[in-house]
Amino acid sequence: MDALKNLQFVFDLVLAMLMAFESWGMYLIFAVSDNVGSFSASSIGILRMLRLTKVCRFVRMVRAVPELVVLIKGLAAASRAVVWTLNLLIVVVYIFAVAARIITDDKEVGKMYFSSVTSAMLTLSVGGLLPDNAEDINIMGDLNAFVAAVFVFFLVVASITLMNML
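None of the values given here were measured: they were computed from a predicted structure.

Draft legend 1. Seen up close, the overall build of the chain. In terms of helices and strands, the chain carries eight helices and zero strands. A buried classification covers 14% of the 166 residues belonging to the chain. Look at the contacts in the chain between residues 6 or more apart in sequence, and 41% of them connect residues 24 or more apart. Carbon and sulfur atoms make up 71% of the accessible area of the chain, which totals about 12600 Å².

Structure follows, in structure tokens:
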């Protein structure tokens, strides 16, 4: 019960409870309720305004850790260069995918890895740029392409972008 005496803890607890209610509670109420129209638009709007309390938590974290602001500003400044580098990388992969498709047109390796320009780009980018995760990406791609795309996006943002910028 000593935790309830700490105002920062109480503030964080209230924020967490409001976020959990907004995420789960409101949808459960709408799913169980027969008359969805009984909730007025103003009451839902007020609950949506409570989302702004998440910003308060972020502002508190930024005040406590000013080094985080320096990192975020550095990422924002370098993001333009990173986007252009990724665009150049896509162009290079496309050029080599077309070349691999033409070179291996009637060969077994062409049928296996370079059957189309899209599959050639996938083979070159996953196998060449992310070789440690190629097997996982291919398995995810066979099961669900969206999950594989999210995983590749995570790898690009986390490992390539952040780690190379720091």
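Text resumes after the structure shown.
Draft legend 2. Representation of the pattern of salt bridges. Under the defined criterion, the tally for this structure stands at one salt bridge. For the salt bridge of Asp105 with Arg101, the shortest nitrogen-to-oxygen distance reads 3.1 Å. Under the relative-accessibility criterion, Arg101 is labelled partly exposed at 25%.

Draft legend 3. Geometry of the nonpolar core. Counting six residues, the largest nonpolar core is built from Val126, Leu130, Ala134, Ile137, Phe151 and Leu155. Not counting residues within four places of it along the chain, the set of residues in contact with Val126 comprises Pro131, Ala134, Ile137 and Asn138.

Draft legend 4. Quick look at the side chain of Thr104. As for its placement among the helices and strands, Thr104 is situated in the loop between helix 4 (66-103) and helix 5 (108-113). Within the structure, the side chain of Thr104 is placed 2.6 Å from the backbone oxygen of Ala100, a separation counted as a polar contact. Excluding anything up to four places from it in sequence, Thr104 contacts Val109, Gly110 and Phe114.

Draft legend 5. Layout of a nonpolar patch on the surface. On the surface, Val55, Phe58, Val59, Met61, Val65 and Ile72 cluster together into a nonpolar patch covering about 470 Å² of accessible area. Looking at the element boundaries, Val65 is found in the loop between helix 3 (53-64) and helix 4.

Draft legend 6. Structural view of the confidence of the model for the chain. Considering every residue of the chain, the mean pLDDT works out to 81; 81% of them sit at 70 or more. Ranking the helices and strands of the chain by mean pLDDT puts helix 7 (residues 134-143) first, with 90, and helix 2 (residues 41-49) last, with 62.

Draft legend 7. Local environment of the environment of Leu4. Mapped onto the elements of the fold, Leu4 is located in the segment before helix 1 (7-32). Classification of Leu4 by relative accessible area gives partly exposed; the value is 44%. Leu4 has contacts with Phe9, Val10 and Leu13, leaving out every residue within four places of it along the chain.

Draft legend 8. Structural context of the packing of helix 4 against helix 6 (residues 117-129). Running from N to C, helix 4 and helix 6 cross one another at 120°; their axes reach a closest spacing of 8 Å. Taken together, the axes of helix 4 and helix 6 lie oblique to each other. Handedness of the helix 4/helix 6 crossing: right-handed. Residues Leu89, Ile90, Val93, Tyr94, Phe96, Ala97, Val98 and Arg101 of helix 4 form the contact with helix 6, whose participating residues are Val117, Ala120, Met121, Leu124, Ser125 and Leu129.

The rules behind these values
- Residues numbered from 1 in each chain as written.
- Predicted model: local features only at pLDDT ≥ 70, side-chain atom pairs only at ≥ 80, totals over all residues.
- Heavy atoms only, no water.
- Helix = DSSP H or I, 4+ residues; strand = E, 2+ residues; numbered from the N terminus.
- Buried < 20%, exposed > 50% of the residue type's maximum accessible area, 1.4 Å probe, protein only.
- Contact = heavy atoms within 4.5 Å.
- Areas by Shrake-Rupley, 256 points an atom, 1.4 Å probe, with all protein chains shown as cover.
- Salt bridge = Lys/Arg side-chain N within 4 Å of Asp/Glu carboxyl O.
- Core = buried A, V, L, I, M, F, W, Y, C linked by side-chain atoms within 4.5 Å.
- Polar contact = N/O pair within 3.5 Å; in protein donor to acceptor, adjacent residues only side chain to side chain.
- Patch = residues over 30% accessible without salt bridge, like charges linked within 9 Å, V, L, I, M, F, W, Y side chains within 5 Å.
- pLDDT = per-residue confidence, 0-100.
- Axes fitted to C-alpha atoms, helices over the stretch in contact; angles between N-to-C directions.
- Parallel < 35°, antiparallel > 145°, perpendicular 65-115°, else oblique.
- Left-handed = near helix turned anticlockwise from the far one by under 90°.

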